[in-house]
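# Commentary on secondary and tertiary structure
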Amino acid sequence: MKLFKYLLAIFFVLNLNSLNAQEDSLQSKITKNLRCLICQGQSVYDSDSEFADSIKILVKKKISEGESEKQIYGYLKDKYGEWILYEPQFGKKTYFLWLLPILMFVLGGAIILKIFYLKKN
Amino acid sequence: MKSKTLPTFLITIFIIIFYIFYKGLQNPNIYTPDVNIKKDIPNFKTKVFDTNNIINSNEIFKENKFYLVNIWASWCAPCRDEHIFLMKLYKQKNLEIIGINYKDKNDNAKSFLNELSNPYKLILSDQDGTIAIEWGAYGVPETFLVYERKIIKKIIGPINNNSLLEIQKLIK
């Protein structure tokens, strides 16, 4: 019985550690995709500025409150605008940015096919 | 005729893309925050400066009244420069100044106010900087003019003569 209790305690501690590690990796993932608005070319993750430090604390708080990655991005986008996100979301202002590579790929493919078809004939 | 379609099409596409990127080059690449947006004030709970009382933002901001929310710290040199303007605004009858003490030591903040005098009706404590983030602030000093629970003006950096006149005009 004693052994079982010890095993249970070890299992609990390990589980807690893995949960913390998961939260930390999510925090890193989110802060790496956030632009430090007062720094030159640095993400919130890389910066040690007061602004970045506060954002890191806030992201950590929001994760522990159970908010999802999308909710946190949405919250910060509402406060600071789209610019805070390194990866812009699909929207009115960014549809061209997202669709251009696909359009180029399709057009390029069509041109190659056409040339191939012309040569064959 | 048929063989000319493809080059014409390619050139047209190239010109369109070139035009879009050329236009994009002319856009300023320096981030300029919008200072004239009408946004709702955030809901938050925080400690009142130098006490252990917790206050909810709903208890602070009432309708039909102008509030000036000023984020400041004793270690911030521009906060010292803008203090004279805050003291001028303190005399305005229809305006209440709320301070948010940002990442500061209580003793230093108290001596800052003793030295330059206190224009704030209420001071909130923001030890980890998250209340400033709730307001969408970038650092200290930063000031928000609030009316009917909406931010009607945002001043990034210290208040100067121009912003003082602008605030006075808005609260008339």
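Residues numbered from 1 in each chain as written. Chains lettered and ligands numbered in written order. Predicted model: local features only at pLDDT ≥ 70, side-chain atom pairs only at ≥ 80, totals over all residues. Heavy atoms only, no water.

Before going further, it helps to spend a moment on the state of the cysteines. On inspection of all chains with the given rule, the structure shows two disulfides over all chains. Between A:Cys36 and A:Cys39 runs a disulfide, and the two sulfur atoms are separated by 2.0 Å. Between A:Cys36 and A:Cys39, the disulfide has an S-S torsion of 50 degrees and is therefore right-handed. A relative accessible area of 19% places A:Cys39 in the buried class. Here B:Cys76 is linked by a disulfide to B:Cys79, with a sulfur-sulfur distance of 2.2 Å. Taking the sign of the torsion about the S-S bond as the criterion, the disulfide between B:Cys76 and B:Cys79, at about 90 degrees, is right-handed. (Disulfide = S-S within 2.5 Å. Buried < 20%, exposed > 50% of the residue type's maximum accessible area, 1.4 Å probe, protein only.)

In this assembly, 22 residues from chain A lie in contact with 21 residues from chain B. Ranking the residues of chain A by area buried against chain B places A:Ser54, A:Lys79 and A:Tyr80 at the top, with a combined share of 26%. The tally of links from chain A across to chain B stands at two salt bridges. The residue B:Lys103 makes a salt bridge to A:Glu50 at a minimum N-O spacing of 2.9 Å. Of all elements in the fold, only α2 (50–64), α3 (69–80) and α4 (95–120) of chain A reach the threshold of two or more residues within the side of chain A that touches chain B. With eight residues, the top contributor of residues to the side of chain A that touches chain B is α2(A). Class assignment of the residues belonging to the side of chain A that touches chain B gives a composition of 16 nonpolar, one polar and five charged. (Contact = heavy atoms within 4.5 Å. Buried area = accessible area lost by both parts, 1.4 Å probe. Salt bridge = Lys/Arg side-chain N within 4 Å of Asp/Glu carboxyl O. Helix = DSSP H or I, 4+ residues; strand = E, 2+ residues; numbered from the N terminus. Nonpolar A, V, L, I, M, F, W, Y, C, P; charged D, E, K, R; others polar.)

So, on to the environment of B:Ile167. Looking at the element boundaries, B:Ile167 is found in helix α6 (residues 161–170). The exposure class assigned to B:Ile167 is buried, which follows from its relative accessible area of 0%.

This part covers the sheet that holds strand β7 (residues 142–147) of chain B. All names here are of chain B. In spatial order, the strands read β1-β8-β7-β4-β5-β6; together these six strands make up an open sheet with mixed pairing. Taken across any chain shown, the strands that pair with only one partner, and hence form the sheet edges, are β1 (39–40) and β6 (122–126). Bridging between β7 and strand β8 (residues 150–156) involves six bridges; their strand directions are antiparallel. Residue pairing in the sheet places threonine 143 in a bridge with isoleucine 155 of β8. Against the sheet, helix α3 (residues 77–90) contacts β4 (66–72), β5 (95–102) and β7, and its axis sits at roughly 160 degrees relative to β4. (Pairing = 2+ DSSP bridges. Axes fitted to C-alpha atoms, helices over the stretch in contact; angles between N-to-C directions.)

The subject of this paragraph is a nonpolar patch on the surface. Residues A:Phe90, A:Tyr95, A:Phe96, A:Leu97, A:Trp98, A:Leu99, A:Ile102, A:Phe105, A:Val106, B:Ile16, B:Tyr19 and B:Ile20 make up a contiguous nonpolar surface patch of about 1300 Å² in total accessible area. Among the secondary structure elements, those contributing two or more residues to the nonpolar patch are α4 of chain A together with α1 (2–26) of chain B. Here the nonpolar patch gets eight residues from one element, more than from any other, and that element is α4(A). A residue is classified by how much of its surface remains accessible, and A:Leu97, at 54% relative accessible area, is exposed. (Patch = residues over 30% accessible without salt bridge, like charges linked within 9 Å, V, L, I, M, F, W, Y side chains within 5 Å. Areas by Shrake-Rupley, 256 points an atom, 1.4 Å probe, with all protein chains shown as cover.)

Turning our eyes to something else, we now look at the pattern of salt bridges. Throughout the structure, instances matching the rule amount to twelve salt bridges over all chains. In this structure, A:Glu69 engages A:Lys29 in a salt bridge whose closest nitrogen and oxygen atoms are separated by 3.0 Å. Here the residue A:Glu69 occupies a position in helix α3, and A:Lys29 occupies one in helix α1 (residues 2–32), the gap between them amounting to 40 residues. As a salt-bridge pair, A:Glu82 and A:Lys77 come within 3.7 Å of each other at their nearest N and O atoms. For A:Glu82, a relative accessible area of 29% gives the class partly exposed. Here the residues in one salt-bridge network are B:Lys65, B:Glu96 and B:Lys121, joined through shared partners.

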